[in-house]
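A structural walkthrough
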Amino acid sequence: MKIFRFRDVLPELPNIVFRRRFKFNFELLPYEVKGLSLKKIGNFFLAGLNQFLLPSKPLGYPVIAQVEPTNFCNLSCPLCLTTSETGSRPRSVLSFNIFKNFIDEVGDYLLLIVLWNWGEPFLNPDIFRIIAYAKSKNILVHTSTNGNVKFDNEKAEKLVDSGLDSLVFAVDGATQETYSKYRKGGNLELVCENIRTIVRAKREKGCETPRLNLRFIVMKHNEKELPLINQLAEELQVDFLTLRALAIAAHLGENLVSTFSPDNPRYRGYRDNTDNSQGEETPFTCMRPWKRITLGALGEIISCEYDYKDRHSFGNLNTEKSPISIWKGAIAKEFRKKFNLGNNDFFLCRDCIYKNMVVDDCTIEVVPLNWVCWEQ
């Protein structure tokens, strides 16, 4: 969970310094930042020192941001904290002005924005403006959707024109019956039609982006449909099909593990979903408070996306103007001193799903698609 592993960065040094390009994998998929400014290159190396020095006031600026366009959803998935913790925060949509203020200060240093958290991003009416503004700063933008917000031709064209780099469609079933067992309130045919519309818009405009990723969380009730989801991905002509390990927050209850955990141990990515046969537990090291800056829909700068209650907010952009002064401020510094690499009593760390991982990434497999012939 470092910013980028040294063994991955080392072969890229000539590209970064001389060609101003940086290739890396995120969620097992390939990404490339082109046209790096000297400011971004310098900050990339400076910020990398944080994972070795662990200062309470980080060096440089963050290189990754996680931004929450909305904190509510149009579905009710049983393991999602948006569903179970609905009353933790007031329903909110991140305003474009707050986002602009955020990007105006940190955008010249960011390589990647992960544009989601606890909610459906495309319920934000300014989502296309948000994406386009981030792209104006030469930032890779990656987001996700449950696909149950209607994409007509106009919206699909706006999406392609926004410059979005990659879009995940969360589809955890190849038939409506299976799909609706987890994506409660969702319509699989609407999701598929939205994908077809976006694929068509990409072709008409001659664009390869956004790259579309059909994501399938493998669970007990849907693992039998793995061959069918592969066929569906081929039929829809998405760019990637990825399989994701199930994550269950401990406080939701042990009964959910037996209900949802897949039978095939190959797809059990978390220790609380497995027995000890997957190996001895390795020490958990978390770099979240140093590696990225996280902005919530209410304008809060928080330590980690898992602080779904904003209990450990560093400050709010509705009352303070500088995201970096918040991220490096007194509250944040005190948090990092107590954080101790994840071994602490903060509620977000005690129940953290990442602590029990027995795989390197929540995404556990990229399934090859026969129809894809251009180089990914």
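Residues numbered from 1 in each chain as written. Predicted model: local features only at pLDDT ≥ 70, side-chain atom pairs only at ≥ 80, totals over all residues. Heavy atoms only, no water.

**A short note on the overall build of the protein chain**
Put simply, the test is: Helix numbering and strand numbering both begin at the N terminus, where a helix is a DSSP run of H or I of at least 4 residues and a strand a DSSP run of E of at least 2. Partly exposed residues are those whose accessible area sits between 20% and 50% of the maximum for their type, while under 20% is buried and over 50% is exposed, using a 1.4 Å probe and protein chains only. Every residue pair with non-hydrogen atoms within 4.5 Å of one another is taken to be in contact. Here, Shrake-Rupley sampling with a 1.4 Å probe gives the accessible areas, and only protein chains in the shown set may cover a residue.
On a plain count of helices and strands, the protein chain comes out with 16 helices and 12 strands. Burial analysis of the protein chain (376 residues in total) assigns 57% to the buried set. Of all intrachain contacts in the protein chain linking residues separated by at least 6 positions in sequence, the fraction that spans at least 24 positions is 73%. Per element, the accessible surface of the protein chain, about 16100 Å² overall, is 51% carbon and sulfur.

**Focus on the confidence of the model for the protein chain**
What counts, and what does not: pLDDT runs from 0 to 100 and stands for how confident the predictor is about each residue.
The pLDDT averaged across the protein chain works out to 87; a share of 88% of its residues lies at or above 70. Per-element confidence in the protein chain ranges from a low mean pLDDT of 69 for helix α5 (residues 81-84) to a high of 97 for helix α7 (residues 127-135).

**Considering the pattern of salt bridges**
Selection criterion: Between Lys or Arg on one side and Asp or Glu on the other, a salt bridge is scored when a side-chain nitrogen of the former is within 4 Å of a carboxyl oxygen of the latter.
Under the counting rule described, the total for this entry stands at 20 salt bridges. Between D239 and K202 there is a salt bridge whose closest N-O contact spans 3.1 Å. Taken together, the positions of D239 in the loop between α11 (226-236) and β8 (240-244) and K202 in helix α10 (residues 188-205) put the pair 37 residues apart, joining distant regions of the chain. The exposure classification of D239 matches that of K202, with both residues buried. K220 is the partner of D263 in a salt bridge, and the nearest nitrogen-oxygen pair spans 2.9 Å. Taken together, the positions of D263 in the loop between α12 (255-260) and α13 (288-291) and K220 in the loop between β7 (211-217) and α11 put the pair 43 residues apart, joining distant regions of the chain.

**With respect to the nonpolar core**
Applicable threshold: In this description, a nonpolar core means a group of buried Ala, Val, Leu, Ile, Met, Phe, Trp, Tyr and Cys residues linked to one another through side-chain atoms lying within 4.5 Å.
Counting residues in each nonpolar core, the largest one holds 92 residues, and the members touching the most others are F102 and I113. Of the residues forming this core, the biggest block, seven residues, is contributed by α10. Dropping the residues within four chain positions of it, I113 is found in contact with A65, V67, F99, I103, A134, I139, L140, V141 and H142. By size, the runner-up hydrophobic cluster in this structure holds 21 residues, among which are F4, I41, L112 and V114.

**As for the environment of C304**
In this fold, C304 is placed in the loop between β10 (300-302) and β11 (313-316). We classify C304 as buried; its relative accessible area is 8%. A C-alpha to C-alpha distance of 8.2 Å links C304 and R292, two positions 12 residues apart in sequence.

**Structural notes on a nonpolar patch on the surface**
What counts, and what does not: Residues with no salt bridge and a relative accessible area higher than 30% make up the patches, which join like charges within 9 Å and nonpolar side chains (Val, Leu, Ile, Met, Phe, Trp, Tyr) within 5 Å.
On the surface, a cluster of nonpolar side chains totalling about 390 Å² of accessible area is made up of L46, L49, F52 and L53. You can call F52 exposed: its relative accessible area is 56%.

**Concerning the sheet that holds β8**
Filter applied, for reference: For two strands to be treated as a pair, DSSP must find at least two bridges joining them. To obtain each axis, a line is fitted to C-alpha atoms, and for helices this fit is confined to the stretch in contact; angles are then taken between N-to-C directions over 0 to 180 degrees.
The strand order across the open sheet built from 10 strands is β11-β10-β9-β3-β4-β5-β6-β7-β8-β12, with neighbouring strands paired in mixed fashion. Of all the strands in the sheet, just β11 and β12 (363-367) have a single pairing partner and so form its edges. Put simply, the sheet's adjacent strands are angled 25 degrees from each other on average, direction ignored. Two strands pair when backbone bridges link them, and β10 and β11 are joined in this way by three bridges, in the antiparallel orientation. Paired with I302 across the strands is S313, a residue of β11. In this fold α10 packs onto β6 (166-170) and β7, with an angle of close to 160 degrees to the strand it touches most, β7.

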